[in-house]
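Spelled out from the first residue to the last, the chains are:
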Amino acid sequence: DAGVIQSPRHEVTEMGQEVTLRCKPISGHDYLFWYRQTMMRGLELLIYFNNNVPIDDSGMPEDRFSAKMPNASFSTLKIQPSEPRDSAVYFCASSTGLIAKNIQYFGAGTRLSVL
Amino acid sequence: DAKTTQPPSMDCAEGRAANLPCNHSTISGNEYVYWYRQIHSQGPQYIIHGLKNNETNEMASLIITEDRKSSTLILPHATLRDTAVYYCIVRPTGNQFYFGTGTSLTVIP
């Protein structure tokens, strides 16, 4: 398997624009996680899905952020409208959810810069 | 929700063992200890995890004290490529990870 695949790797946009980040989890993994990493706040969990259903979105900072998982092989994180403070690296991760060996595998991340 | 305490930074000579401590004094009986690392500009990478017993894999060893209030990650022969931020995470049987600030390990030639 190619691992968790995120696109794009880098995104530069202007304030007010819509941004969509994409993630393809590892095949067979039924949990998917979206994280954000900044120097100030470190690595934060934004939302996670189980079997395509959002389970906990308490980490989503504002209504400007939304995430969807239309099927088991694809998820999006959308920011609309984007603001400079949204600049960060966004990671997607997936896991099998098995309690005894619940390893999260991370993608390479999307580095977002909002000007 | 900081369940773990780690030193902010450590140095280790190349070829020597790197011992990274983690304090998790409030750990519950069903919570696992996980270690991840993040090399600059990459996504976090799983290293090892354990519940009560010491564990070893091809990357590292995990030593958990008998009272489970602390643990040590051991990289037996550190290389320059082991320079990274190492995160110790205490995790309940649910799925949420809290990564904390980790330990920045620098392997020195």
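Positions within a chain are numbered from 1, following the residues in the order the chain's sequence is written. Each chain gets a letter, beginning with A, and each ligand a number, beginning with 1, in the order they are written. Side-chain atom pairs in this predicted model are given and counted only at pLDDT of 80 or more, local residue features only at pLDDT of at least 70, and totals for whole chains, interfaces and linings cover all residues. Calculated side-chain values reflect all of the structure's heavy atoms, with hydrogen atoms and water omitted.

S.K.: I keep staring at the overall build of chain A and nothing clicks. Help me out?
M.R.: A tally of regular secondary structure across chain A gives 0 helices and 11 strands. Its helices and strands taken in sequence order, chain A reads β-β-β-β-β-β-β-β-β-β-β from the N to the C terminus. Dimensions along the principal axes, computed over C-alpha positions, put chain A at roughly 40 × 30 × 30 Å. Exposed residues in this analysis have more than 50% of their type's maximum accessible area, buried residues have under 20%, and partly exposed residues fall in between, with area computed by a 1.4 Å probe over protein chains only. Burial status across chain A gives 49% buried among its 115 residues. On chain A, roughly 5,800 Å² of surface is accessible, and the fraction owed to carbon and sulfur atoms is 52%. Only four residue types enter the charge count: Lys and Arg as positive, Asp and Glu as negative, with His and the chain ends excluded. Think of each charge as sitting on NZ of Lys, CZ of Arg, CG of Asp or CD of Glu. Side-chain charges of chain A comprise 11 positive and 12 negative groups, with the mean position of each set lying 5 Å from the other. In DSSP terms, a helix is any run of H or I states spanning at least four residues, a strand is any run of E spanning at least two, and both are numbered starting from the N terminus. Methods summary: accessible areas were calculated by the Shrake-Rupley approach with a probe of 1.4 Å, and residue burial reflects only the protein chains presented.

S.K.: What is the right way to read the sheet that holds strand S3 (residues 19–24) of chain A from this model?
M.R.: Note: strands within a sheet are paired through backbone hydrogen bonds, in either parallel or antiparallel orientation. All names here are of chain A. Any two strands with at least two DSSP-identified bridges between them are counted as paired. Strand order in the open sheet formed by 4 strands is S1-S3-S8-S7, and the pairing between neighbours is antiparallel. Sheet topology places strand S1 (5–7) and strand S7 (65–71) at the edges, where each strand pairs with a single neighbour. The sheet shows a mean angle of 20 degrees between the axes of neighbouring strands, taken without regard to direction. Where S3 and strand S8 (residues 74–79) come together, 5 bridges link them in antiparallel fashion. By the bridge assignment, Thr-20 is partnered in S8 with Lys-78. All axes are obtained by fitting lines to C-alpha atoms, using only the stretch in contact for helices, and the reported angles, taken between N-to-C directions, cover 0 to 180 degrees.

S.K.: Explain the state of the cysteines here, please?
M.R.: Here a disulfide denotes one covalent bond, and it connects the sulfur atoms of two cysteines. All names here are of chain A. By definition, disulfides here are pairs of cysteine sulfur atoms that lie within 2.5 Å. For the structure shown, the criterion picks out 2 disulfides over all chains. Between Cys-23 and Cys-92 runs a disulfide, and the two sulfur atoms are separated by 1.8 Å. As the torsion about the S-S bond is roughly -70 degrees, the Cys-23-Cys-92 disulfide counts as left-handed. With Cys-23 in strand S3 and Cys-92 in strand S9 (residues 88–95), this residue pair connects regions lying 69 residues apart in the sequence.

S.K.: Looking at this structure, I do not really get the environment of B:Val85. What am I missing?
M.R.: Residue and element names in this part refer to chain B. Along the chain, Val-85 falls in strand S8 (residues 84–91). Taking the C-alpha atoms as reference, Val-85 lies 8.4 Å from Tyr-36; in sequence the two are 49 residues apart. The contact rule is simple, with two residues in contact once any of their heavy atoms fall within 4.5 Å. Ignoring sequence-local partners within four residues, the contact set of Val-85 consists of Tyr-36, Arg-37, Gln-38, Thr-101, Gly-102, Thr-103 and Ser-104.

S.K.: Could you clarify how one ought to interpret unusual backbone geometry in this entry?
M.R.: Residues apart from glycine generally show negative phi values, whereas peptide bonds are mostly found in trans. Here the residue pair A:Ser7 and A:Pro8 is connected by a cis peptide bond, since its omega of -10 degrees sits within 30 degrees of zero. By the element assignment, A:Pro8 lies in the loop between S1 and strand S2 (10–13). Omega for the peptide link from A:Gln80 to A:Pro81 comes to -10 degrees, which places this bond in the cis form. With respect to the secondary-structure elements, A:Pro81 resides in the loop between S8 and S9. A positive phi angle is found at B:Ser41, which is not glycine, with a value near 70 degrees. Along the chain, the position of B:Ser41 falls in the loop between strand S3 (32–38) and strand S4 (45–50).

S.K.: Would you mind going over the sheet that holds strand S1 (residues 9–13) of chain B with me for this structure?
M.R.: All names here are of chain B. One open sheet accounts for 5 strands, arranged S1-S9-S8-S3-S4; its pairing is mixed. In this open sheet, the two edge strands, each paired with only one partner strand, are S1 and S4. Between one strand axis and the next, the sheet turns through 25 degrees on average, direction left out of account. In this structure, S1 lies alongside strand S9 (residues 103–108), joined through 5 bridges in parallel fashion. Note that in S9 the partner of Asp-11 across the bridge is Thr-106.

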